[in-house]
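# Tertiary structure, described
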Amino acid sequence: MPAMNRRFLLRARPSGDFDPKIMERVVEPAPVPGPGQALVRNRVLSLDPTNRIWMSEGESYLPPVPLNDVMRGVCYGEVVASNGSYRVGTRVVGLTGWQDYALVSATDAMPVTPLPGFLPIKPTDAMGVLGATGMTAYFGLLDIGKPKRGETVVVSAAAGAVGSIVGQIAKIYGCRAVGIAGTREKCDWLVRELGFDAAICRRDPDWKAQLVKACPNGIDVDFENAGGEIMDAVMDLMNLNGRIVLCGMISQYGKDDRSNLGPKEFINVLTRRLLIQGFIILDYIPRFPLAQARMLWWIKRGLIKESHTLVRGLDNAPAALAGLFRGDNTGKLLVEIDEPTA
Ligand code: NDP
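Residues numbered from 1 in each chain as written. Predicted model: local features only at pLDDT ≥ 70, side-chain atom pairs only at ≥ 80, totals over all residues. Heavy atoms only, no water.

### Topic: the pairing of strand E15 (residues 332–336)
Burial of E15 is extensive: 4 of the 5 residues sit out of reach of the surface. Pairing geometry for strand E3 (residues 37–46) and E15, over 3 bridges, is antiparallel. Within the sheet, the bridge partner assigned to Leu 45 lies in E15 and is Val 335. Pairing geometry for strand E14 (residues 308–312) and E15, over 5 bridges, is parallel. Bridged to Thr 309 within E15 is Leu 333. Following the backbone out of E14, through helix H10 (residues 317–324) and into the adjacent parallel E15, one traces a crossover that is right-handed. (Buried < 20%, exposed > 50% of the residue type's maximum accessible area, 1.4 Å probe, protein only. Helix = DSSP H or I, 4+ residues; strand = E, 2+ residues; numbered from the N terminus. Pairing = 2+ DSSP bridges. Right-handed = clockwise from strand over helix to strand, strands pointing away.)

### Details of the sheet that holds strand E9 (residues 176–181)
Either a parallel or an antiparallel arrangement is found when strands of a sheet pair, and the pairing is made through backbone hydrogen bonds. Pairing is parallel in the open sheet, where 6 strands are placed in the order E10-E9-E8-E11-E12-E13. The open sheet has two edge strands with one neighbour each: strand E10 (198–201) and strand E13 (275–278). Between one strand axis and the next, the sheet turns by 15° as a mean value, whatever way the strands run. Bridging between strand E12 (residues 238–246) and E13 involves 4 bridges; their strand directions are parallel. Within the sheet, the bridge partner assigned to Ile 244 lies in E13 and is Ile 276. The strands touched by helix H7 (residues 228–236) within the sheet are strand E8 (152–156), E9, strand E11 (219–224), E12 and E13, with E12 carrying the most contacts at an inclination of about 150°. (Axes fitted to C-alpha atoms, helices over the stretch in contact; angles between N-to-C directions. Contact = heavy atoms within 4.5 Å.)

### Remarks on the side chain of Thr 96
Summarising the element assignment, Thr 96 is placed in the loop between strand E5 (91–94) and strand E6 (101–105). Within polar-contact distance, the side chain of Thr 96 engages the side chain of Asn 42 at 2.7 Å. With residues up to four places along the chain from it excluded, the contact list for Thr 96 reads Asn 42, Gly 73, Cys 75, Ala 102, Val 104 and Val 112. (Polar contact = N/O pair within 3.5 Å; in protein donor to acceptor, adjacent residues only side chain to side chain.)

Given below as structure tokens:
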């Protein structure tokens, strides 16, 4: 009897904040690989703010997930059957979706990436610090932010997947690292455990005054994950020739009206000669290997600490994604895919 395959289908486009009700769980028999295909058993699902972008219609860096299709998502999994393409037992990371099983082929538009068999990489690391998350922090900060010793780097969503690594790399480069996060506990963790110089809770009534105090020499690099009011406050403190790494704008993803998403004081870019650059990590994939090697070295020396929040059970994925937009996670948010029972 074929194994059961739980799949989460996108039934409607989101409006406003992500509502798990727009997803429907269906159960089907696991598919059988055709010529040139392999069957991947997904084990860990990555939940990302960009999932909300992928659900919406309109122009973006990837086409929207078609309605009634399985939700797009990055997973770690293992090849369990093969009719070509990949060998059984190969561990892979790729866009295999919110489901137990996925068919893949080496000729897919975005093929899965096999993990090197000789390196004992943990699935949580493959999806986090050594995966797209860590690479986003690495290339965003170093390629675009170009931090110099003694400069001040501010990062929003600092206790999340990307932000927590950005601050640690900033410290390796001799910068003052200042984080903005959603709770006092997260702020304490950033300073005590990860070595940030200061962290500000975005829910404190006086957070803007705290930010000014935490950046006595102004801000040289803004690693922007939040957008909106946070980006406005940070931009206000940018130094001459500062760099704004536009990585994400999570506070804006739930807004249906896209006509007013930019910063309020955009003229600062002109008068302070700021550089602002957006980027999508997919463009950096050919450069991952060297960055991953450096990251491994930093982890080994204790300079980068990995952190993640693991939610158990595929059925809990929609609720966990809603929690990402409330800040329920610390570090990378992952779902451990269990065995389907019904
Ligand atoms: P995180 O692990 O940081 O999770 C998101 C965090 O954002 C939450 O934990 C919450 O933390 C914070 N947040 C949620 N809502 C708001 C809000 N309204 N205002 C401010 N903060 C909010 O996710 P990632 O590290 O995966 O992503 C961080 C950012 O990086 C996102 O904007 C994402 O889109 C972007 N990104 C961009 C990539 C690229 O290629 N350009 C690749 C990967 C990510 P808290 O409550 O503690 O503030």
